[in-house]
Amino acid sequence: MAEVILDHVWKSYGGNLWAVNDFNLTIKDKEFMVFVGPSGCGKSTTLRMVAGLEEISKGAISIAGRVVNNVPPKDRDIAMVFQNYALYPHMTVYDNMAFGLKLRKYKRAEIESRVREASDILGITDYLHRKPKALSGGQRQRVAVGRAIVRKPKVFLFDEPLSNLDAKMRVQMRAEIIKLHARLEATMIYVTHDQVEAMTMGDRIVVMKDGVVLQVATPLDLYENPANLFVAGFIGTPPMNLFEGVIRRAAEGWIFDGETLQVALQPDMQDKLAAYAEKKVVMGIRPEHVGSPVAENTVGAPKIKARVDVVEPMGAETYLYMTAGRHTFIAKIDPHRRCAMGNELHLAFLNAKAHFFDPATTSLIV
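Residues numbered from 1 in each chain as written. Predicted model: local features only at pLDDT ≥ 70, side-chain atom pairs only at ≥ 80, totals over all residues. Heavy atoms only, no water.

### Re helix 1 (residues 43-51)
For the record, the criterion: Each residue is placed in one exposure class: buried if its accessible area under a 1.4 Å probe, protein chains only, is under 20% of its type's maximum, exposed if it is over 50%, and partly exposed if it falls in between. For the purposes of this entry, the term helix denotes a DSSP run of H or I that reaches at least four residues, the term strand denotes a run of E that reaches at least two, and both are numbered from the N terminus.
Along helix 1, 7 of the 9 residues are buried, which leaves the element largely enclosed by surrounding structure. What helix 1 keeps buried is the set K43, T45, T46, L47, M49, V50 and A51. After helix 1 finishes, the residue G52 shows a positive phi value of roughly 90°.

### Points about the sheet that holds strand 13 (residues 262-264)
As a reminder, the rule being used: We call two strands paired when DSSP finds no fewer than two bridges between them. Inter-axis angles, ranging from 0 to 180 degrees, are taken between N-to-C directions of lines fitted to C-alpha atoms, where helices are fitted over the stretch in contact.
Pairing is antiparallel in the open sheet, where 5 strands are placed in the order 13-12-11-14-19. A single partner strand is all that each edge strand has here, and the edge strands are strand 13 and strand 19 (355-357). Neighbouring strand axes in the sheet, compared pairwise and without regard to direction, differ in orientation by 40° on average. As paired elements, strand 12 (residues 253-257) and strand 13 share 3 bridges and run antiparallel to each other. Bridge pairing in strand 13 links D257 to Q262.

### Some points on the sheet that holds strand 7 (residues 155-159)
Here 6 strands make up an open sheet; going across it, the order is 6-7-8-3-9-10 and the pairing mixed. Every other strand in the sheet has two partners, leaving strand 6 (78-81) and strand 10 (212-217) as the edge strands with one partner each. Averaged over neighbouring strand pairs, the angle between their axes works out to 15° when direction is ignored.

### So, helix 4 (residues 137-149)
Counted only if it meets this: Helix span, as expected, comes to 1.5 Å for every residue beyond the first. Whether two residues are in contact is decided by their heavy atoms, any of which lying within 4.5 Å being enough.
Over its 13 residues, helix 4 runs 18 Å from end to end, which matches the ideal 18 Å to within 8%, given 1.5 Å per residue. Taking burial as the measure, the 13 residues of helix 4 include 11 buried ones, the bulk of the element. Within helix 4, burial applies to G138, Q139, Q141, R142, V143, A144, V145, G146, R147, A148 and I149. Considering only its buried residues, helix 4 is in contact with strand 6, helix 2 (93-103), helix 3 (108-122), strand 7 and helix 5 (167-184).

### Observations concerning the environment of L53
Within the secondary structure layout, L53 lies in the loop between helix 1 and strand 4 (58-63). C-alpha of L53 to C-alpha of P72: the two residues are 19 residues apart in sequence and 8.5 Å apart in space. With residues near it in sequence (within four places) discarded, L53 still touches R48, P73, M80 and F82.

### So, the packing of aromatic side chains
The criterion, for reference: Pairing of aromatic rings covers Phe, Tyr and Trp, the last counted by its six-membered ring, and requires centre-to-centre distances within 6.5 Å; plane angles under 30 degrees mean stacked, over 60 mean edge-to-face, and any other angle means tilted. Criterion for a charge above a ring: Lys NZ or Arg CZ within 6 Å of the ring centre, and within 35 degrees of the ring normal.
Applying the stated criterion across every chain yields a total of 11 aromatic pairs. Summarising the aromatic geometry, the rings of W10 and W18 are spaced 5.0 Å apart at their centres and angled 70° between planes, so their arrangement reads as edge-to-face. The exposure class of W10 is buried, given its relative accessible area of 18%. Each residue in the set F32, F156, F158 and Y190 is aromatic and connected to the rest through ring pairs, giving one cluster. Here K58 stacks its cationic end above the ring of W10, 4.4 Å away from the centre of that ring. Here the basic side chain of R286 rests over the ring of Y223, its NZ or CZ set 4.0 Å away from the ring centre.

### Observations concerning unusual backbone geometry
The omega torsion across T237 and P238 is -5°, close enough to zero to call that bond cis. Tracing the backbone shows P238 in the loop between helix 8 (229-234) and strand 11 (241-250). Unlike most non-glycine residues, D22 shows phi in positive territory, near 50°. With respect to the secondary-structure elements, D22 resides in strand 2 (residues 18-27). Owing to a relative accessible area of 31%, D22 belongs among the partly exposed residues under this scheme.

### Re the pattern of salt bridges
Which entries qualify depends on this criterion: Any carboxyl oxygen of Asp or Glu within 4 Å of a side-chain nitrogen of Lys or Arg constitutes a salt bridge here.
Taken as a whole and judged by the stated rule, the model has 17 salt bridges. Between E296 and K303 there is a salt bridge, and its shortest N-O distance comes to 3.7 Å. Relative accessible area serves as the criterion here: at 47%, K303 is assigned to the partly exposed category. We note a salt bridge from R337 to E296, for which the minimum N-O separation is 3.5 Å. Here E296 lies in helix 10 (residues 293-296) and R337 lies in the loop between strand 17 (327-333) and strand 18 (344-348), a separation of 41 residues in the sequence. When its relative accessible area of 28% is taken as the criterion, R337 is described as partly exposed. For E296, a relative accessible area of 24% gives the class partly exposed.

Laid out in structure tokens, this is it:
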């Protein structure tokens, strides 16, 4: 069982500045866990502590039931894939992949078998006698992954491995790594600042900011039930729309009053939001719940009048960047609905899909 446990792990580089702040997480055997967050949030530092490349200031890390705080990286039974590939330029692909096994005194036949198996999995058998300079970025990344595979470690660690690739190659390599995880049935920890990578690859996702874990959940749960304003705004492309307003009592019941936008509260939301009567809250709603065919065809859906600032045709849908009074937001509409910059539109909101946050604590209310 290659379960990885981080138990109250802290990391400081001196003073009271904590790069990682009380990190607690259990990564299950064979799970694909993704750490995501903006640059400097502590995700790579956490990964490097798991690898043994950074010392732990406080807490404990266990791999497969063994505390590894004082275990050197080479003895942790992990393999790491770096952003810059870290290939030896004077060695062939074969020698790069075999190098770690040679250091561990594996027999030649075993080395040959493992390298051939890994190269077949990754589709790089034809490149085994080339040197890294003769390979494309995607091929070099495959070699870096292959070097990790031949080790047959308990845990694979990926530190932003696709950052240096172009957009098309990133999509292709994402799919390759997902298939690789399914084939190897290994525990994998993957670090990225790209939330699209996180959403498409992870079994679960850890969202970090300023060294703190803000939420751990499946991709769908993160998207549909963000725990706070940061997660709501960080996860999703385009991000969730956020509107400031006040909870008020109206003739028809409780409403969210955002001046140019007034939204009736759903019955299952009213009890929790009644405690915020005449107080400021932040309402969040995804772009696909504003102006979409489903929203427009929902009876009784509230509408907002807004000006079109930017039109982005995406093929399958169109994004509209809108302004309504002091509010700016994004709507995802039917691509066949014609509009242009400067147009004024009345767009429907799916108020049943709205989330409400406390602006003081930033936490989700309902």
